[in-house]
Amino acid sequence: MAAPYIQASDVEHRLDWVAMADALEAGHRAAKPVISDQMVRRSGDILLSRAAWIDGMGVAVKSVTVLPGNPAKGLPSVHGAMLLFDDATGAVEAVIDSGLVTKWKTASDSILGARFLARKNSRRLLIIGAGVVARSLIEAYRAMFPGISVTIWNRTTDNARQLADDTGATFALDPQTAIGDADIIASATMARDPIVRGEWLQPGVHLDLIGAFTPAMREADDAAIKRAKIFVDCRETTVEHIGELMIPIAKGVIEPRHVLADLRELANGAVGRSLPSEITLFKNGGGAHLDLMVGKVILAAWKAI
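Read on for an overview of the structure. Numbering of residues starts from 1 in every chain and runs along the sequence as written. For a predicted model such as this one, the threshold for reporting local features is a pLDDT of at least 70, and the threshold for listing and counting side-chain atom pairs is 80 or more; totals across whole chains, interfaces and linings nevertheless cover every residue. As a rule here, side-chain values come from all non-hydrogen atoms in the structure, and water together with hydrogens is ignored.

1. Details of the environment of Ile46
For helices the rule is a DSSP run of H or I covering at least 4 residues; for strands it is a run of E covering at least 2, with both sets numbered from the N terminus onward. Along the polypeptide, Ile46 turns up in strand E3 (residues 45-54). Here's how the labels work: a residue is buried when its accessible area is under 20% of the maximum for its type, exposed when over 50%, partly exposed in between, all with a 1.4 Å probe on protein chains only. Take Ile46: its relative accessible area is 9%, and that puts it in the buried class. For the pair Ile46 and Val64, spaced 18 residues apart in sequence, the C-alpha to C-alpha distance is 8.2 Å. Any pair of residues with heavy atoms lying within 4.5 Å of one another is described as a contacting pair. Here Ile46 is in contact with Met39, Val40, Arg41, Val64, Thr65, Val66, Phe213 and Thr214, once residues within four sequence places are set aside.

2. Let's talk about the packing of aromatic side chains
Two rings from Phe, Tyr or Trp (for Trp, the six-membered ring) form a pair when their centres sit within 6.5 Å of each other. Planes less than 30 degrees apart are called stacked, planes more than 60 degrees apart edge-to-face, and all others tilted. Across all of its chains, the model carries 2 aromatic pairs by this definition. Summarising the aromatic geometry, the rings of Trp17 and Trp104 are spaced 3.8 Å apart at their centres and angled 15° between planes, so their arrangement reads as stacked. With a gap of 87 residues between them, Trp17 in helix H2 (residues 17-27) and Trp104 in helix H3 (residues 98-117) connect regions that are remote in the sequence. Relative accessible area serves as the criterion here: at 7%, Trp17 is assigned to the buried category.

3. Brief notes about the packing of H2 against H3
Here H2 crosses H3 at 75°, and the two axes come no closer than 9 Å. By the criterion of interaxial angle, the relationship of H2 to H3 is roughly perpendicular. Residues Trp17, Val18, Met20, Ala21, Asp22, Leu24 and Glu25 of H2 lie in contact with H3, whose contacting residues are Lys103, Trp104, Lys105, Ala107, Ser108, Asp109, Ile111, Leu112, Arg115 and Phe116. The class makeup of the residues in the contact of H2 with H3 is 10 nonpolar, 1 polar and 6 charged. Comment: axis = line fitted to C-alpha atoms, over the contacting stretch for helices; angle = value between 0 and 180 degrees taken between N-to-C directions. To sort the angles, those under 35 degrees are grouped as roughly parallel, those over 145 as roughly antiparallel, those from 65 to 115 as roughly perpendicular, and the leftovers as oblique. Gly is placed with the polar residues, together with every amino acid not listed as nonpolar (Ala, Val, Leu, Ile, Met, Phe, Trp, Tyr, Cys and Pro) or charged (Asp, Glu, Lys and Arg).

4. Observations regarding the sheet that holds strand E10 (residues 184-187)
An order of E9-E8-E7-E10-E11-E14-E12-E13 is seen for the 8 strands of this open sheet, with the pairing classed as parallel. One side of each edge strand has no neighbouring strand; the edge strands of this open sheet are strand E9 (170-171) and strand E13 (259-262). Pairing between strand E7 (residues 124-128) and strand E8 (residues 149-153): 5 bridges, direction parallel. Note that in E8 the partner of Arg124 across the bridge is Ser149. In this fold H3 packs onto strand E11 (206-209), strand E12 (229-232) and strand E14 (280-283), with an angle of close to 155° to the strand it touches most, E14. Relative to the sheet, helix H4 (residues 132-144) contacts E7, E8, E10 and E11, its axis offset from that of E7 by approximately 165°. When DSSP locates at least two bridges between a pair of strands, those strands are taken to pair.

This is how it looks when you write it as structure tokens:
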């Protein structure tokens, strides 16, 4: 039987945000993944390939192209697919649309980080950005924190207003005020210059940084990094690869030892938030091991149809 090609329309109605976060948490208690990333550039365009093997779970390779000029042509900026291989035989189990995997991986990664690090009584969520990721973050955070209110800020106010209208959220005009009012801040932008300023952060806030994925990108400034207790989803795919941490480390603002734990360590008992007044920062790097974990859930959902 040929391996299926699975798209969102096939399985998404069977997926659940909290259950996906549960699967990621359980996956971090499995064997330690072997991870490899490759990035190929053509001027401002990127081909990103990420592979992972988790003994007992399987193998995944996801390749995506990121072409920032595509939206001007009426096309998505990201295209790709993921191959899922059987752990025992190496046979191809499925080809899964990369957008489906990335959507569920990215937001589930973030809400799992928030489960460990945000205050349990968090009631106000600020989303920075108004793109596809922002929309899925709203869904995911509402599932993990029922009743949470959502505010959206985006550089282009019309985009924030439209997303707010579509999702029943509100939109903000002033980022400083919106950041200062939030219990959780989830930033999903393509920023190279920081948006989140450390002096705007209130005690107890949880900062979820999603957008940066290259050495030149970052969403929070040095003051924010220095004030926060820092956590990542995976040390191997963030600390030496993404500007959010690489830049302040190179400047001597922080050292690698200031990254206190990753999701694998948190899932296996490492201490996250200790005090309600602490500022926690979670860098969502979205490694291939997470793609694999999500892909196995998606394949199981497809098989159950």
